[in-house]
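Structure assessment
These are the residues of each chain, in order.
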Amino acid sequence: MNTAGGAPPVSALRAAFACRCPRCGEGKLYDGLLAVAPRCIECGLDLAAEDAGDGPAALVILILGALVMLCASVVEVAFAPPLWVHIILWTAFIIGGAIWMLRVMKAWLIAMQFRHRLLDGA
């Protein structure tokens, strides 16, 4: 496994949900909301070449879209709220859910790339 100094490997899921470095599990993965930091400040892992591609966005669109449609249908049938309630409720849910899910999915993909030696462990 790619680990610093013989340390035990970091769980890909733990690193993803905490948005931490896939090698040490300590340094912040993001520099801002969704921009990946160029280098881990704890272990020095070079993250500049990271390329998550469109995978995280595609998964978020599919999963969040299905979840919102299911929840909106249940709310409509159970409570029949006015249209403005749906607009406010689901807009906030979509924005918050998309940002959170993109951070986690992107971090998970980076952790999996690292685990399978697709990132340079320098």
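Structure: above.
Note that the structure is predicted; figures quoted are calculated from it, not measured.

Bringing the overall build of the protein chain into the picture now. When helices and strands are counted, the protein chain shows 3 helices and 0 strands. Secondary structure of the protein chain in N-to-C order comes out as α-α-α. By the burial criterion, 34% of the 122 residues in the protein chain qualify as buried. In the protein chain, once contacts between residues fewer than 6 apart in sequence are set aside, the share between residues at least 24 apart is 55%. Of the accessible surface of the protein chain, which amounts to about 7,300 Å², a share of 69% is contributed by carbon and sulfur atoms.

Let us look at helix 3 (residues 83–115). Here helix 3 spans 46 Å end to end across 33 residues, near enough to the 48 Å set by a 1.5 Å rise per residue. Looking only at helix 3, the buried set comprises His86, Trp90, Gly97, Ala98, Met101, Val104, Met105, Ala107, Ile110, Ala111, Gln113 and Phe114. Against the buried residues of helix 3 lie helix 1 (12–18) and helix 2 (55–79).

Right, let's talk about the state of the cysteines for a bit. Taken as a whole and judged by the stated rule, the model has 0 disulfides. Free of any disulfide, cysteine 21 has its nearest neighbouring cysteine sulfur in cysteine 43, separated by 3.6 Å. Its relative accessible area of 0% is what places cysteine 21 among the buried residues. Cysteine 24 forms no disulfide, and the closest cysteine sulfur to it belongs to cysteine 40, at a distance of 3.7 Å.

Bringing the environment of isoleucine 110 into the picture now. For isoleucine 110, the location among the structural elements is in helix 3. According to the relative accessible area criterion, isoleucine 110 is buried, its value standing at 1%. The sequence separation of isoleucine 110 and alanine 16 amounts to 94 residues, and the corresponding C-alpha distance is 8.3 Å.

Reading the values: the criteria
- Once a new chain begins, its residue numbering starts again from 1 and follows that chain's sequence as written.
- The predicted origin of the model limits local features to residues at a pLDDT of at least 70 and limits the giving and counting of side-chain atom pairs to 80 or more, whereas totals for whole chains, interfaces and linings rest on all residues.
- Processing note: side-chain calculations cover all non-hydrogen atoms of the structure and skip hydrogens and water entirely.
- Put simply, DSSP H or I for four residues or longer makes a helix, DSSP E for two residues or longer makes a strand, and each gets a number counted from the N terminus.
- For each residue, the accessible area found with a 1.4 Å probe, counting protein chains only, is set against the maximum for its type, and the residue is called buried under 20%, exposed over 50%, and partly exposed in between.
- Note on definitions: a residue-residue contact is assigned when non-hydrogen atoms from the two residues lie within 4.5 Å.
- Exposure was quantified through the Shrake-Rupley algorithm and a 1.4 Å probe, taking into account, for residues, occlusion by the shown protein chains and nothing else.
- The length a helix should cover is 1.5 Å for every residue beyond the first.
- The disulfide definition used here is simple: a pair of cysteine sulfur atoms within 2.5 Å.

No statement about biological role is implied by the geometric values presented.
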